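What follows is the residue order along each chain.
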There are 2 protein chains.
Amino acid sequence: MKLITRNTDYSLRALIYMAKKGGIVSVRELERALKIPRAFLRKILQALNKKGILASQKGPGGGFRLLVAPKDLRLLDVASIFQGRVRLNECLFKRKACPDIRKCPLKRELDNIESYALRRLGAISLAALLK
Amino acid sequence: MKLITRNTDYSLRALIYMAKKGGIVSVRELERALKIPRAFLRKILQALNKKGILASQKGPGGGFRLLVAPKDLRLLDVASIFQGRVRLNECLFKRKACPDIRKCPLKRELDNIESYALRRLGAISLAALLK
DNA sequence: GACAAATGATACTAATATAGTATCATTTAT
DNA sequence: ATAAATGATACTATATTAGTATCATTTGTC
Ligand code: FES
Ligand code: FES
């Protein structure tokens, strides 16, 4: 039961590195600095690129560059990319077993926990991780 | 990212059924009532038995019986059986990458979410699920 | 005692999700 | 021209979760 997966984890480390350094950073450099497998990192950064969080530059001297301001990038934004819609439960309505969904105390509780988690993940920005 | 797994889910349904009905209930009966695969249910109930939540009775007319009072059984107790220690993050201290664990805002935040989740899971009892 | 109905124990398989690799195409600075 | 970078995408590996199968043991009933 992990709140954030490795994709998200690696993304954050790369983003932190890029935010601190500024400008264009190649995957090769990130691999050296962060000790993250290059091919995997590439896939991850390409995803961030598609989502508009990074911009890319091909060719020698190329790489990726942070497009958004660190204070505007939320942990939830990153997690959502790799972990789809971040849900902690889908409960049992597909499979009934619960007399009345609206009154179900289990669902209510799990929903509550989920929304708390989402609120917190949505509140922490990349800027906050930079110290 | 699921807060509770199927093991836990099925356990709860079985426990609710047993609490409502009282007395000894066979897996066969539970299978019919809850539409959960029998072999799987058996494995689950045997685990609950080992943990002292249920008692078992062999032979014809046998089955399982709830040993603990519904108000004393927490959702967290059940989840813990199948999901090991319920942790939402182990963060990155194994893999460093973080300058100072004690000050890390990411770890602090994830820990916070986790402890909230555990507190809530620990607060809801089987009795509360019975309506 | 024979038998059938139940659980105990445990090994095995299947499905899914996560993690990671490999390859070829395209762009671009020199 | 070449090499260094990303783009796209298919593939493999590992771990976790879900579920099945089988044989042994206990026990109520006739
Ligand atoms: S158990 Fe999920 S809606 Fe009730
Ligand atoms: S990132 Fe986990 S301790 Fe800092």
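Above this text is the structure in question.
Residues numbered from 1 in each chain as written. Chains lettered and ligands numbered in written order. Predicted model: local features only at pLDDT ≥ 70, side-chain atom pairs only at ≥ 80, totals over all residues. Heavy atoms only, no water.

Draft legend 1. Up close: the overall build of chain A. For chain A, the count of helices and strands is 6 helices and 2 strands. Listed N to C, the secondary structure of chain A is α-α-α-β-β-α-α-α in terms of helices and strands. Within the span of chain A, comprising 131 residues, buried residues form 41% of the whole. A fraction of 62% describes how many contacts in chain A between residues 6 or more apart in sequence connect residues 24 or more apart. On chain A, roughly 7200 Å² of surface is accessible, and the fraction owed to carbon and sulfur atoms is 51%. (Helix = DSSP H or I, 4+ residues; strand = E, 2+ residues; numbered from the N terminus. Buried < 20%, exposed > 50% of the residue type's maximum accessible area, 1.4 Å probe, protein only. Contact = heavy atoms within 4.5 Å. Areas by Shrake-Rupley, 256 points an atom, 1.4 Å probe, with all protein chains shown as cover.)

Draft legend 2. Broad picture of the protein's contact with DNA strand D. If you check the shell around DNA strand D, you find 30 residues, and the closest are Arg42, Asn49 and Ser56 of chain A together with Phe40 and Lys43 of chain B. When atoms of DNA strand D within 4 Å of the protein are split into backbone and base, the sugar-phosphate part holds 59%. At 2.6 Å, a side-chain N or O of Asn49 of chain A approaches a phosphate oxygen of DNA strand D. Contributions of two or more residues to the surface near DNA strand D are made by α2 (27-34), α3 (38-50), β1 (54-57) and β2 (63-66) of chain A together with α1 (6-21) and α3 (38-50) of chain B. Among the residues forming the surface near DNA strand D, the class breakdown is 8 nonpolar, 13 polar and 9 charged. (Near = heavy atom within 4 Å. Polar contact = N/O pair within 3.5 Å; in protein donor to acceptor, adjacent residues only side chain to side chain. Nonpolar A, V, L, I, M, F, W, Y, C, P; charged D, E, K, R; others polar.)

Draft legend 3. Representation of the packing of aromatic side chains in the model. One pass over the structure, following the stated rule, counts 3 aromatic pairs over all chains. Measuring from ring centre to ring centre gives 3.7 Å for Tyr116 of chain A and Tyr116 of chain B, while their planes differ by 20 degrees; the resulting arrangement is stacked. Of this pair, Tyr116 of chain A sits in helix α5 (residues 105-123) while Tyr116 of chain B sits in helix α5 (residues 105-123), which puts the two residues in different chains. For the residue pair Tyr116 of chain A and Tyr116 of chain B, the accessibility class agrees, reading buried in each case. (Phe/Tyr/Trp six-rings, centres within 6.5 Å; stacked < 30°, edge-to-face > 60°.)

Draft legend 4. Geometry of the side chain of Glu29 of chain A. Residue and element names in this part refer to chain A. For Glu29, the location among the structural elements is in helix α2. In this structure the side chain of Glu29 is engaged in a polar contact, spanning 2.6 Å, whose partner is the side chain of Tyr17. Not counting chain neighbours up to four residues away, the residues in contact with Glu29 comprise Tyr17 and Lys21.

Draft legend 5. Representation of the pairing of strand β1 (residues 54-57) of chain B within the structure. Residues and elements named next belong to chain B. Summarising the sheet, β1 and strand β2 (residues 63-66) pair through 4 bridges and their orientation is antiparallel. Residue pairing across strands places Gln57 opposite Gly63, the latter belonging to β2. Between β1 and β2, which follow one another and run antiparallel, lie 5 residues, and Gly59 among them has a positive phi close to 80 degrees. (Pairing = 2+ DSSP bridges.)

Draft legend 6. Broad picture of unusual backbone geometry. Residues and elements named next belong to chain A. Here the phi dihedral of Lys35 falls at roughly 60 degrees; this positive angle occurs in a residue that is not glycine. Mapped onto the fold, Lys35 is located in the loop between α2 and α3. By relative accessible area, which is 63% here, Lys35 ends up exposed.

Draft legend 7. Local environment of α1 of chain B. With 16 residues, α1 of chain B should cover 22 Å at 1.5 Å per step; its first-to-last C-alpha distance of 22 Å lies within 8% of that length. Taken together, the buried positions of α1 of chain B are occupied by Thr8, Asp9, Tyr10, Ser11, Leu12, Arg13, Ala14, Leu15 and Met18 of chain B. (Expected span 1.5 Å × (residues − 1).)

Draft legend 8. Summary view of the protein's contact with DNA strand C. Close to DNA strand C lie 30 residues, the nearest being Phe40 and Lys43 of chain A together with Arg42, Asn49 and Ser56 of chain B. Sugar and phosphate atoms form 59% of the subset of DNA strand C atoms that lie within 4 Å of the protein. At a separation of 2.9 Å, a phosphate oxygen of DNA strand C approaches a polar side-chain atom of Arg6 of chain A. In this structure, Gly59 of chain B approaches DNA strand C through a main-chain N or O atom, which is 3.5 Å from a sugar or linking oxygen. Secondary structure elements with two or more residues in the surface near DNA strand C: α1 (6-21) and α3 of chain A together with α2 (27-34), α3, β1 and β2 of chain B. Along the lines of polarity and charge, the residues of the surface near DNA strand C split into 8 nonpolar, 13 polar and 9 charged.

Draft legend 9. The environment of Leu15 of chain A, seen in detail. All names here are of chain A. You can see Leu15 is positioned in helix α1. Here Leu15 falls in the buried class, since its relative accessible area comes to 1%. Sequence separation of Leu15 and Leu129 is 114 residues, and the distance between their C-alpha atoms is 9.9 Å. Among all residues touching Leu15, those that are not within four sequence positions of it are Leu48, Ile53, Leu54, Leu66, Leu73, Val78 and Leu126.

Draft legend 10. Region of the structure containing the environment of Ile53 of chain A. All names here are of chain A. Among the structural elements, Ile53 can be located in the loop between α3 and β1. We classify Ile53 as buried; its relative accessible area is 6%. Each C-alpha atom, one on Ile53 and one on Arg28, is 19 Å from the other, the two residues being 25 residues apart in sequence. With residues near it in sequence (within four places) discarded, Ile53 still touches Leu15, Leu48, Arg65, Leu66, Leu67, Val68, Leu73 and Ile81.

All quantities given are derived from atomic positions and should not be read as evidence of function.
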